[in-house]
2 protein chains.
Amino acid sequence: MNEALKPLAQTLGTSLVTDPDILRAYAHDEAVLAPFEQPIALVRPKNADEALTTVKFCVANNIPLVARGAGTGLSGGANATKGCIVVCFEAMNKIIKIDPDERIAIVQPGVVNDDLRDACAEHGLWYPPDPASAPWSTIGGNVGTNAGGLCCVKYGVTRDYVLGIEAIVGKGEKVKLGRRTAKGVAGYDLTALFVGSEGTLGLVTEITLRLRPIQSAEKTVVGYFDDLPSAGRAAAAVTASGVSPSALELLDRYCLKAVDKWKNMGLADEGNVLLLARTDAPGEQGDIEADILLDCFEKSGSVWCARSSNETEAEALFAARRLVFPALKLLGSVLTEDICVPRTKVAEMCARINEVAAAYDIYIACIAHVGDGNLHPLIVIPHDEEEAMDRSREALEQIVDHAIELGGTVTGEHGVGLLKMRGLAKEVGPVVLDMHRSIKNALDPANIFNPGKVF
Amino acid sequence: MNEALKPLAQTLGTSLVTDPDILRAYAHDEAVLAPFEQPIALVRPKNADEALTTVKFCVANNIPLVARGAGTGLSGGANATKGCIVVCFEAMNKIIKIDPDERIAIVQPGVVNDDLRDACAEHGLWYPPDPASAPWSTIGGNVGTNAGGLCCVKYGVTRDYVLGIEAIVGKGEKVKLGRRTAKGVAGYDLTALFVGSEGTLGLVTEITLRLRPIQSAEKTVVGYFDDLPSAGRAAAAVTASGVSPSALELLDRYCLKAVDKWKNMGLADEGNVLLLARTDAPGEQGDIEADILLDCFEKSGSVWCARSSNETEAEALFAARRLVFPALKLLGSVLTEDICVPRTKVAEMCARINEVAAAYDIYIACIAHVGDGNLHPLIVIPHDEEEAMDRSREALEQIVDHAIELGGTVTGEHGVGLLKMRGLAKEVGPVVLDMHRSIKNALDPANIFNPGKVF
């Protein structure tokens, strides 16, 4: 152990780890192409006081701190930097309270998203944000990146559900930000500032979440389309219809082909683009909305569309979506892009992505939360092609530039981390970037919270 | 004219006003008991460039700037301070764009809330935030205070609808914050930070808003109760039922009596507390939800409750609510309090307010967005009782302290302004207050944006 760490180790006991093998497992998130270093130590605090002790020690010794949850991030935000201590909140995984009368939950940051959702369901309540990582990712990590998911098209993202947080900030102060009431405008919305700040402003040690009544059973409508423009028209028709779908997903032919190659499902035989829509409007209204969704698909030129007649069939239809990522992983490393464009620019953005793929001779499959304009181009880097890395890196930056050009943003729900730093700077410009730096300096004068990330 | 102002007057022409009679009309908002001064000038910018010019001039000459919309605020946030220039955005009142395909609106800050709502309705769209001031208050003012309203119990507050803003910040830079896409996590959420910052971080010159599909026709349920605890139980039963009402309002007997005294409506003969609930679930689901609301009222001991059978009747039922404020104004100046407590503490809070009223020998009527726990105790200060002012001021602070004690916040939707500065400091504590100051210093190094307000 590094000699300088000994006082901290004495205080924290087994909460501090320096075994190199363990450290290696905590050195990075799931971002492909993002650099990382070996941390000098891992702290797994058992409570907020241990986190506070760690912050005070790091301030005194000028040691950077990188916070992480389950490490399912896709932008390198939780990657260890030189000489840092990684703080992982997996041991703080208690659901402190679910209060049906107030419709709130109070949780520690290490609680896994799906575990919270299950616990809420027992009270007839629902925590909507549903990132694809929900079976593993933690609420603390979700807060750090302001995670989204499928149902945000109707129900919003993590920030929309965080009422308040407890955090260790500044030079080692434990504070409560926000509130536990339904409304409140007392002072700056520091809670919203912390959500999505990717660990650069402090360590979040407790989260108070707004909950909703449990979701009604969903009804599913699927449609195949010949090309992206007609699928884009169908998505636009849904927006114009006044229906708010609880999910509206797009899979392009590169997704369908990859799944077919693996599972031989014959998806790509039906059409080149698949749209999956859901409505959770209760009772008869759900039927009305499902019919409207189907009508939107039909009149936009769907080559085949249908409404699922039962839950099992609906699940099978959505299963294709979940198979895309593992199917592509069989072909190589998958660099998950995450851009968001105005809804009406989705088809144009997809076309530009295809051009980028052709220009750089790489395989890019496109999956999209199309109702939000949030696209995930999945760049496949074959394991045996070392120099495909560089082409992929360039393709990623090209896609980012196209998103900005179309009035979009460089990250819809994954965060800036390390992969989108150039993109963020380009998107917001130097003055707004300076505003970020000013706030960071103001709240983290010792510059120990995840320095070198985001901007 | 102040000699020092001449260069600015030359540049701005008629956009700058120094006529003392006009200045007087722009010296304060509608807060009772909040101090104000005569401003040295009024600027009514015609465009963002004139706002930019004003900011640069004020930075160079160390002149404080107080931004305002229609001046309907209730906390003194827009009150002129010594030596300040008031910037009123009434001349920047264009709806730049309503885009149904993207479900967004882009507006100048001076657009009146109801005007925007009317314009959206023409496109089958809806901008939900509906403060009581909606016929007069502006979107810029609503952004400054993060205004709420009746329907936020289901649809959220202003911040939930602001995607991005253009603002004049720092020492005179025009920036775009946020985005126009449905989702985005690129950098800190500076937009959320500016919303509700009460003009302390810059001048907002353009706002991009998220819109919703137009609301379905509402169904109304009313219930009279003998006392606050049973009305509180009814509100809790609504929460537990899983129904999300589009409004859930409470009027206590002091409200009912004041309306009766004026309009002789006999409201207080029916019961001591009136609950008004609405649902906007479409079609058959609306009927189901209205029946559930009625059932919640009945089983909680309502002495009389009913569902309105038509729109006109429903309007008449809700009209009583709108009459409360003018009815009280006949009795004296009305100091509108605004606190928010956990939903389950509403009845307890109302009881404590009654105790405060008795202790200070003042008339306090209580109207509440009870579904949110957001209460507006209305403190009546008789015109002929000079010393009732002091008692009212003390009563206000007592109520604020009770709200904090019950786990609530000192302001649910009106903002801190001048009236809640002590309350905010007590609610958040010295460390969080310092975080506010650090951010203010970081983003407003010249300290010209509404200094001396909020904290």
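Residues numbered from 1 in each chain as written. Chains lettered and ligands numbered in written order. Predicted model: local features only at pLDDT ≥ 70, side-chain atom pairs only at ≥ 80, totals over all residues. Heavy atoms only, no water.

Trainee: An account of the state of the cysteines is needed here, citing residue identities and associated values.
Mentor: All names here are of chain A. Applying the stated criterion across every chain, the model contains zero disulfides over all chains. Unpaired in terms of disulfides, Cys58 finds its nearest cysteine sulfur in Cys84, a separation of 9.1 Å. Judged by its relative accessible area of 0%, Cys58 falls in the buried class. With no disulfide of its own, Cys255 has Cys366 as its nearest cysteine by sulfur position, at a separation of 6.9 Å. (Disulfide = S-S within 2.5 Å. Buried < 20%, exposed > 50% of the residue type's maximum accessible area, 1.4 Å probe, protein only.)

Trainee: Give me the lowdown on the interface of chain A and chain B, citing residues and values where you can.
Mentor: Counting from both sides, the interface comprises 77 residues of chain A and, opposite them, 76 residues of chain B. Summed over both sides, the interface of chain A with chain B buries roughly 5,900 Å², with 63% coming from carbon and sulfur. Of all residues in chain A, Lys183, Val185 and Tyr188 of chain A give up the largest surface area on contact with chain B, accounting jointly for 16% of the area buried on that side. The interface formed by chain A and chain B contains six salt bridges. Ionic pairing is found between Arg159 of chain A and Asp189 of chain B, a salt bridge with its closest N-O pair at 3.0 Å. If you list the elements that add at least two residues to the side of chain A that touches chain B, you get strand E9 (173-178), helix H7 (190-194), helix H8 (228-241), helix H11 (283-299) and helix H15 (421-443) of chain A. Ranked by residues supplied to the side of chain A that touches chain B, first place goes to H15 of chain A with eleven residues. Considered class by class, the residues forming the side of chain A that touches chain B number 33 nonpolar, 26 polar and 18 charged. (Contact = heavy atoms within 4.5 Å. Buried area = accessible area lost by both parts, 1.4 Å probe. Salt bridge = Lys/Arg side-chain N within 4 Å of Asp/Glu carboxyl O. Helix = DSSP H or I, 4+ residues; strand = E, 2+ residues; numbered from the N terminus. Nonpolar A, V, L, I, M, F, W, Y, C, P; charged D, E, K, R; others polar.)

Trainee: Give me the lowdown on the domain arrangement of chain A, citing residues and values where you can.
Mentor: Interface size is commonly expressed as the accessible surface area that is lost when the partners come together. Residue and element names in this part refer to chain A. According to the domain assignment, chain A consists of domain 1 (3-88), domain 2 (95-213), domain 3 (216-326) and domain 4 (332-442). A straight line from the C-alpha centre of domain 2 to that of domain 4 covers 26 Å. Residue-level contacts link twelve residues of domain 2 with ten residues of domain 4. Interface area for domain 2 against domain 4, summed over the two sides, is near 760 Å², with a carbon-plus-sulfur share of 51%. There are zero salt bridges connecting domain 2 and domain 4. Across the contact surface, domain 2 and domain 4 share five residue pairs in polar contact (both at pLDDT 80 or more). Split into classes, the residues belonging to the side of domain 2 that touches domain 4 amount to six nonpolar, five polar and one charged. (Domains from an automatic or database assignment. Polar contact = N/O pair within 3.5 Å; in protein donor to acceptor, adjacent residues only side chain to side chain.)

Trainee: Give me the lowdown on the pattern of salt bridges, citing residues and values where you can.
Mentor: Per the stated rule, a full pass over the model turns up 58 salt bridges over all chains. Note that Glu397 of chain B is salt-bridged to Arg422 of chain B, the shortest N-O span being 2.7 Å. A residue pair is termed long-range when its members are at least 10 positions apart, and Glu397 of chain B in helix H14 (residues 388-405) and Arg422 of chain B in helix H15 (residues 421-443) qualify at 25 residues. A relative accessible area of 23% means that Glu397 of chain B is categorised as partly exposed. Given a relative accessible area of 35%, Arg422 of chain B falls into the partly exposed group. Salt bridges here are not isolated pairs; linked through shared partners, they connect Glu218, Arg278, Glu315 and Arg322 of chain A.

Trainee: Residue-level account of helix H13 (residues 346-360) of chain B, with values.
Mentor: All names here are of chain B. Here H13 is 15 residues long and its end C-alpha atoms lie 21 Å apart, about the 21 Å a rise of 1.5 Å per residue gives. Turning to H13, the residues buried within the fold contact helix H8 (228-241), strand E17 (339-340), strand E18 (363-369), strand E19 (374-381) and H14. Positive phi appears at Asp361, one or two residues downstream of H13, with a value of about 55°. (Expected span 1.5 Å × (residues − 1).)

Trainee: Tell me about the side chain of Thr191 of chain A, and name the residues and values.
Mentor: Residues and elements named next belong to chain A. Within the element layout of this structure, Thr191 appears in helix H7. From its side chain, Thr191 meets the backbone nitrogen of Gly178 in a polar contact 3.2 Å long. Beyond its immediate chain neighbours, meaning those up to four positions away, Thr191 contacts Val162, Leu163, Gly164, Ile165, Leu177 and Gly178.

Trainee: Tell me what's going on with the confidence of the model for chain A, and back it up with residues and numbers.
Mentor: The predicted model of chain A averages 95 in pLDDT, with 100% of residues at 70 or higher. Scoring the predicted complex yields pTM 0.97 and, for the interface, ipTM 0.96. (pLDDT = per-residue confidence, 0-100.)

Trainee: Which residues make up empty space enclosed by the protein, and what values go with them?
Mentor: Within this structure, the stated rule accounts for two cavities of 30 Å³ or more. The calculated volume of the largest cavity comes to roughly 50 Å³. Every residue lining the largest cavity is listed: Leu74, Ser75, Thr336, Glu337, Asp338, Leu396, His414, Gly415, Leu419 and Lys420 of chain A. Counted by class, the lining of the largest cavity contains three nonpolar, four polar and three charged residues. Taken together, Leu74, Ser75, Thr336, Glu337, Asp338, Thr411, His414, Gly415, Leu419 and Lys420 of chain B make up the full set of residues lining the second largest cavity. Residue classes in the lining of the second largest cavity are distributed as two nonpolar, five polar and three charged. (1 Å grid on protein atoms, 1.4 Å probe; cavity = no way out; pocket = protein on both sides within 12 Å on 5 of 7 lines; lining within 4 Å. Points joined across faces, edges and corners; volume = space filled by probe spheres on them.)

Trainee: Describe the side chain of Asn142 of chain B, naming the residues involved and giving the relevant values.
Mentor: Residue and element names in this part refer to chain B. If you trace the backbone, Asn142 turns up in helix H5 (residues 139-145). A distance of 2.9 Å separates the side chain of Asn142 from the side chain of Asn113, its partner in a polar contact. Polar side-chain contacts of Asn142 include one of 3.2 Å to the side chain of Ser137. Not counting chain neighbours up to four residues away, the residues in contact with Asn142 comprise Asn113, Pro131, Ser137, Ala147 and Thr158.

Trainee: Explain the environment of Tyr224 of chain B to me, and be specific about the residues and the numbers.
Mentor: Residue and element names in this part refer to chain B. Its place among the elements puts Tyr224 in strand E12 (residues 219-225). Judged by relative accessible area, Tyr224 falls into the buried class, the value being 7%. Sequence separation between Tyr224 and Glu198 is 26 residues; the distance between their C-alpha atoms is 38 Å.

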